[in-house]
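Architecture at a glance
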Amino acid sequence: MRVLITGAAGNLGTFLARFLLAEGYHFLNLMIHEKPLADELAQGNRTRIYSCDLGQPHTLVEVCAASDVIVHFAGMLFAPRPEKFLPRTNFVYTKHLVDAAIAGGVKRFILVSFPHVEGPTSVEDPCTDRQDREPVSVHARTRLAAEKYLLEKGKESGMRTIALRPGMIYGRDVLMIAFAKKLARKNLLAVWTDPTAIQLLSLDDFNACCKAAIENPNAKGIYPLGDDCPTTLQDFLDTACRYWGLGRPWRAPAWSIYLGAWLCETFAIIFRTHTPFTVDLIRISRVPYYCDTSRMKAELLPELKYPSLQSQSNSGPGIQEL
């Protein structure tokens, strides 16, 4: 199949493109905007590069007409005032792409979302396929709006639509993990004191879920993704730092973390730079989540490569992916 990956020059988009090329089954259409593509992807004989602007629908016509499947990653993250741009980049841009996909005859559209769109969830009340809750962050509210638009348009047009909801994806060189390691090396990594329940997923297993969503003819709808062993953000960071041979992250009250994010945003606004921290990013990071992975295991990935990080051991199988 001809698989279009949006945000192919971004972090997860690059990893998925490499994974699919290594598998050797599909031809990849790689969508970029301003950031250049990795050299090995740009020079591949089973790839074609399209420079498009999701804000300009006419630039999407050719690539959608040339694609059977879309995996949509493209977005904006490390910038101040996300409440100003996320309604556009998360929702309007997705709307443009969905409309172009339908017009171009795309057979399948896969949106990479996250469980936070259901708000706080837990083992007792897990994330499933609900779309009727009110998320607490702008990131989650705008992604939920994109999910709703995609699935509704899929029903109207007959295009098969899928939303994948992974929580924290970990792996070597995954952007957020690499940034945490960089901070830890400088003894600057901090996390709030109250535990936040999370559910991890290794990069290898995430890529395998994407591949299955592309290839399984019956895959459709919403798939929460996660491993078999829920943990907390605090335990995950402690384990990662222990594996890296670095000091344990500082514990700090939540208000001080929000203050730090506000200062980072203010600096970025004044000096027109990117920022790894925003108040809304901290807000979404404090939302606990747990996924019902029964559909994932029944239809996408029956057996995980890394069912757990094994947070009590520095030599567990998943920890090697850090």
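Preceding block: the structure.
Presented here is an overview of the structure given in this document. In this text, all values refer to a predicted model and were calculated from it rather than measured experimentally.

Re the packing of aromatic side chains
- Taken as a whole and assessed by the stated rule, the structure comprises five aromatic pairs.
- Taking 4.6 Å as the distance between ring centres and 35 degrees as the angle between the ring planes, the aromatic pair formed by phenylalanine 267 and phenylalanine 271 counts as tilted. Taken as a pair, phenylalanine 267 and phenylalanine 271 lie in helix H9 (residues 254-271) at a separation of four residues, close to a single helical turn.
- We classify phenylalanine 271 as exposed; its relative accessible area is 52%.

Regarding the sheet that holds strand S4 (residues 69-72)
- Pairing is parallel across the open sheet formed by seven strands, whose spatial order is S3-S2-S1-S4-S5-S6-S11. Of all strands in the sheet, those with a lone pairing partner are strand S3 (47-51) and strand S11 (221-225), marking the two edges. On average, each strand axis in the sheet is inclined to that of its neighbour by 20 degrees, with strand direction left out of account.
- One ladder, built from five bridges, connects strand S6 (residues 160-166) with S11; its direction is parallel. Within S11, the position partnered with isoleucine 162 by the bridge is glycine 221.
- In the packing of helix H4 (residues 82-104) onto the sheet, the strands contacted are strand S1 (2-6), strand S2 (27-32), S4 and strand S5 (108-112), and the crossing angle to S4 comes to about 175 degrees.

Some points on the nonpolar core
- Core analysis: the largest hydrophobic core is formed by 68 residues, its most contacted members being Ile5, Leu164, Leu225, Phe236, Leu300 and Leu322.
- Considering each element in turn, this core owes the most residues, eight residues, to helix H7 (residues 203-215).
- Among all residues touching leucine 322, those that are not within four sequence positions of it are Tyr170, Gly171, Arg172, Ile177, Phe236, Ala240, Tyr243, Trp244 and Leu309.

Quick notes on H4
- Compared with an ideal rise of 1.5 Å per residue, which puts 23 residues at 33 Å, H4 spans 31 Å between its outermost C-alpha atoms and is within 8% of the ideal.
- Every buried residue of H4 is listed here: Pro82, Phe85, Leu86, Thr89, Asn90, Tyr93, Thr94, His96, Leu97, Val98, Ala100 and Ala101.
- Residue glycine 105 follows H4 closely and has a positive phi angle near 80 degrees.

Observations regarding the packing of H4 against helix H5 (residues 138-157)
- In contact at an axis separation of 9 Å, H4 and H5 are set at 15 degrees when each is read in the N-to-C sense. The angle between the axes of H4 and H5 places the two elements in the roughly parallel class. In the packing of H4 onto H5, the handedness of the crossing is right-handed. Of the residues in H5, those touching H4 at Pro82, Glu83, Leu86, Pro87, Asn90, Phe91, Thr94, Lys95, Val98, Asp99 and Ile102 are Val138, His139, Thr142, Arg143, Ala145, Ala146, Tyr149, Leu150, Lys153 and Ser157.

Observations concerning the side chain of threonine 196
- By the secondary structure assignment, threonine 196 is in the loop between strand S8 (190-192) and strand S9 (197-198).
- Classification of threonine 196 by relative accessible area gives buried; the value is 3%.
- Setting aside residues up to four positions removed in sequence, threonine 196 forms contacts with Thr231, Thr232, Leu233, Gln234, Ser285, Arg286, Val287 and Pro288.

Some remarks on the pairing of S5
- Buried residues dominate S5, accounting for five of its five residues.
- Burial along S5 is two-sided: Arg108, Ile110 and Val112 facing one way and Phe109 and Leu111 facing the other are all buried.
- As paired elements, S4 and S5 share four bridges and run parallel to each other. Within the sheet, the bridge partner assigned to valine 71 lies in S5 and is isoleucine 110.

Notes on the environment of leucine 77
- Tracing the chain through its elements places leucine 77 in the loop between S4 and H4.
- For leucine 77, a relative accessible area of 34% puts it in the partly exposed group.
- Taking the C-alpha atoms as reference points, leucine 77 and threonine 278, separated by 201 residues in sequence, lie 9.3 Å from one another.
- In contact with leucine 77, other than residues within four places in its own chain, are Phe85, His139 and Leu281.

Conventions we followed
- Residues numbered from 1 in each chain as written.
- Predicted model: local features only at pLDDT ≥ 70, side-chain atom pairs only at ≥ 80, totals over all residues.
- Heavy atoms only, no water.
- Phe/Tyr/Trp six-rings, centres within 6.5 Å; stacked < 30°, edge-to-face > 60°.
- Helix = DSSP H or I, 4+ residues; strand = E, 2+ residues; numbered from the N terminus.
- Buried < 20%, exposed > 50% of the residue type's maximum accessible area, 1.4 Å probe, protein only.
- Pairing = 2+ DSSP bridges.
- Axes fitted to C-alpha atoms, helices over the stretch in contact; angles between N-to-C directions.
- Contact = heavy atoms within 4.5 Å.
- Core = buried A, V, L, I, M, F, W, Y, C linked by side-chain atoms within 4.5 Å.
- Expected span 1.5 Å × (residues − 1).
- Parallel < 35°, antiparallel > 145°, perpendicular 65-115°, else oblique.
- Left-handed = near helix turned anticlockwise from the far one by under 90°.

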